[in-house]
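Letter by letter, the chains look like this.
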Amino acid sequence: MTKLVIQVPCFNEEDTLPRTLEDLPGRVDGCDQVEVLIVDDGSTDRTVEVARNAGVQHILQLPRNRGLAGAFASGLNRALELGADVIVNTDGDHQYQGRYIPNLVQPILDGRADVVVGDRRIGQRKGYPRFKRWLQQTGSRVVGWTSGLDVPDATSGFRAFSREAALRVVIHTGYTYTAETLIQAGKTGLAVAFVPIEINEQLRESRLIKSVPGFVVKSAAAILRIFLMYEALRVFVIMGSLMIGGGLLLAGRYVYFFAVGEGQGHVQSLILATILILMGFLSFMLGMLADLIAKNRRLNEETLYR
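Here is what the cut-offs are and how they apply
- Residues numbered from 1 in each chain as written.
- Predicted model: local features only at pLDDT ≥ 70, side-chain atom pairs only at ≥ 80, totals over all residues.
- Heavy atoms only, no water.
- Salt bridge = Lys/Arg side-chain N within 4 Å of Asp/Glu carboxyl O.
- Helix = DSSP H or I, 4+ residues; strand = E, 2+ residues; numbered from the N terminus.
- Buried < 20%, exposed > 50% of the residue type's maximum accessible area, 1.4 Å probe, protein only.
- Phe/Tyr/Trp six-rings, centres within 6.5 Å; stacked < 30°, edge-to-face > 60°.
- Polar contact = N/O pair within 3.5 Å; in protein donor to acceptor, adjacent residues only side chain to side chain.
- Core = buried A, V, L, I, M, F, W, Y, C linked by side-chain atoms within 4.5 Å.
- 1 Å grid on protein atoms, 1.4 Å probe; cavity = no way out; pocket = protein on both sides within 12 Å on 5 of 7 lines; lining within 4 Å.
- Points joined across faces, edges and corners; volume = space filled by probe spheres on them.
- Nonpolar A, V, L, I, M, F, W, Y, C, P; charged D, E, K, R; others polar.
- Axes fitted to C-alpha atoms, helices over the stretch in contact; angles between N-to-C directions.
- Parallel < 35°, antiparallel > 145°, perpendicular 65-115°, else oblique.
- Left-handed = near helix turned anticlockwise from the far one by under 90°.
- Contact = heavy atoms within 4.5 Å.

By the definition in use, this model includes 11 salt bridges. Two residues, Lys 3 and Glu 35, come together in a salt bridge whose shortest N-O distance is 3.3 Å. Here Lys 3 is found in strand β1 (residues 3-10), whereas its partner Glu 35 is found in strand β2 (residues 33-40), with 32 residues between them in sequence. The same class applies to Lys 3 and to Glu 35, which are both buried. The salt bridge partner of Glu 198 is Arg 121, with a shortest N-O separation of 2.5 Å. Separated by 77 residues along the polypeptide, Glu 198 in the loop between β7 (192-196) and α8 (212-259) and Arg 121 in the loop between β5 (115-119) and α5 (130-147) bring together distant segments of the chain. Residues participating in the shared-partner salt-bridge network are Glu 14, Arg 46 and Glu 49.

Here it is, written out as structure tokens:
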């Protein structure tokens with residue numbers, strides 16, 4: 001018996017939720033049960049009432065608004081409690097077309113993937129603003145580099161998780177889960193696949209991207225944070241090596257001028273070289289400490305998983 005749970009995080013989606021629910025498939029090949037879980041993220045409108053009137057099997061009401069990442073994580077936990085073998089996440093704003101859910105689920109049922117993401121193919125989409133297209137493609141490349149995966153669409157929230165993958169996902173950031181879960185998947189060895197999808201016409205403005213600069217800063221901070229959790233030693237060693245290298249160059253410069261009898265006028269180079277070399281060794285020490293903390297966190301995650 002394979003159970004599929006489709007979770008829909010919602011915050012004040014009374015206008016768009018009916019169309020989203022109507023679009024969800026009642027059955028999916030390879031799945032014996034298909035159930036819908038609404039995650040109400042502290043809505044102040046009739047979202048919950050709309051869901052009940054539509055006959056939704058499961059409704060999780062959060063006492064206050066936790067943001068997209070918090071609602072997503074809460075939904076995963078509840079879906080696992082419901083006994084889900086496969087979990088599909090979609091948005092309540094009817095951006096994603098429900099007819100592609102079988103496409104997301106199939107690679108997991110076939111054992112080819114642990115996480116499947118719907119690729120909106122924004123680079124090929126006509127009418128999409130050029131700057132936003134460039135921004136999305138650049139962000140996907142950054143997430144791909146940090147995760148070690150080939151990522152065509154890092155910000156798509158239309159994705160499926162196997163039970164094993166959902167058990168291993170730990171959300172740390174409070175802003176958005178999209179990049180973080182991909183980096184975690186890449187670093188923990190989960191198989192990730194991307195399937196092409198089409199999206200519906202936008203019904204409302206994005207609540208996540210209130211301003212492009214703010215979105216870029218928050219997303220970059222989230223990516224850097226999760227990357228440091230897994231690659232802190234590499235980052236600090238690179239930083240330390242650059243500082244020590246710069247310090248040695250300045251020290252060599254001072255030695256040269258000292259040898260030709262002009263060292264008195266270049267003491268500043270020696271002072272700066274000393275500072276850079278000391279900061280480089282301090283960076284090495286911070287890297288080792290961060291690496292030990294990261295290993296301890298991974299042990300805790302493994303213990304939680306087991």
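Turning to the packing of aromatic side chains, a few remarks are in order. The geometry of an aromatic ring pair is captured by the separation of the ring centres together with the interplanar angle, meaning the angle of the planes. Throughout the structure, instances matching the rule amount to 6 aromatic pairs. With a centroid separation of 3.8 Å and an interplanar angle of 5°, the aromatic rings of Phe 72 and Tyr 177 are classed as stacked. Linking Phe 72 in helix α3 (residues 67-81) with Tyr 177 in the loop between α6 (163-168) and α7 (178-187), this pair joins segments that are 105 residues apart in sequence. Each member of the pair Phe 72 and Tyr 177 is classed as buried. A network of ring pairs unites the aromatic residues Phe 72, Phe 161 and Tyr 177 as a single cluster.

With respect to the secondary-structure elements, Arg 120 resides in the loop between β5 and α5. Here Arg 120 falls in the buried class, since its relative accessible area comes to 8%. A distance of 2.8 Å separates the side chain of Arg 120 from the side chain of Asp 153, its partner in a polar contact. Within the structure, Arg 120 has its side chain in polar contact with the side chain of Thr 155 (distance 2.7 Å).

Another point: the environment of Val 28. Positionally, Val 28 belongs in the loop between α1 (17-23) and β2. A relative accessible area of 2% places Val 28 in the buried class. Separated by 71 residues in the primary sequence, Val 28 and Arg 99 place their C-alpha atoms 9.8 Å from one another.

This part covers the nonpolar core. Core analysis: the largest hydrophobic core is formed by 31 residues, its most contacted members being Leu 76, Ile 87, Val 143 and Phe 161. Where this core is concerned, the elements lending two or more residues are β2, α3, β5, α6, α7 and α8. A total of 5 residues in this core trace back to one element, the largest contributor, which is α3.

A volume near 240 Å³ is recorded for the second largest pocket. Taken together, 15 residues line the second largest pocket, and the ones lying closest to its centre are Asn 77, Ala 166, Val 169, Val 170 and Ile 171. Every element with two or more residues in the lining of the second largest pocket is listed here: α3, α6 and α9 (267-305). With 6 residues, α3 is the single largest residue contributor to the lining of the second largest pocket. Class assignment of the residues belonging to the lining of the second largest pocket gives a composition of 11 nonpolar, 4 polar and no charged.

Closest axis-to-axis distance for the α5/α7 pair is 8 Å, and the angle between their directions is 30°. By the angle between their axes, α5 is roughly parallel relative to α7. Along this stretch, α5 crosses α7, giving a crossing that reads as right-handed. Only Ala 179, Leu 182, Ile 183, Gly 186 and Lys 187 of α7 make contact with α5, whose side of the interface consists of Val 143, Thr 146 and Ser 147. Considered class by class, the residues forming the contact of α5 with α7 number 4 nonpolar, 3 polar and 1 charged.

This part is about the environment of Gln 184. Considering the arrangement of structural elements, one finds Gln 184 in helix α7. Judged by its relative accessible area of 4%, Gln 184 falls in the buried class. When the C-alpha atoms of Gln 184 and Val 169 are compared, they prove to be 7.2 Å apart, with 15 residues separating the residues in sequence. For Gln 184, the residues in contact, after removing those within four places along its chain, are Arg 168, Val 169, Val 170, His 172, Ile 226 and Tyr 230.

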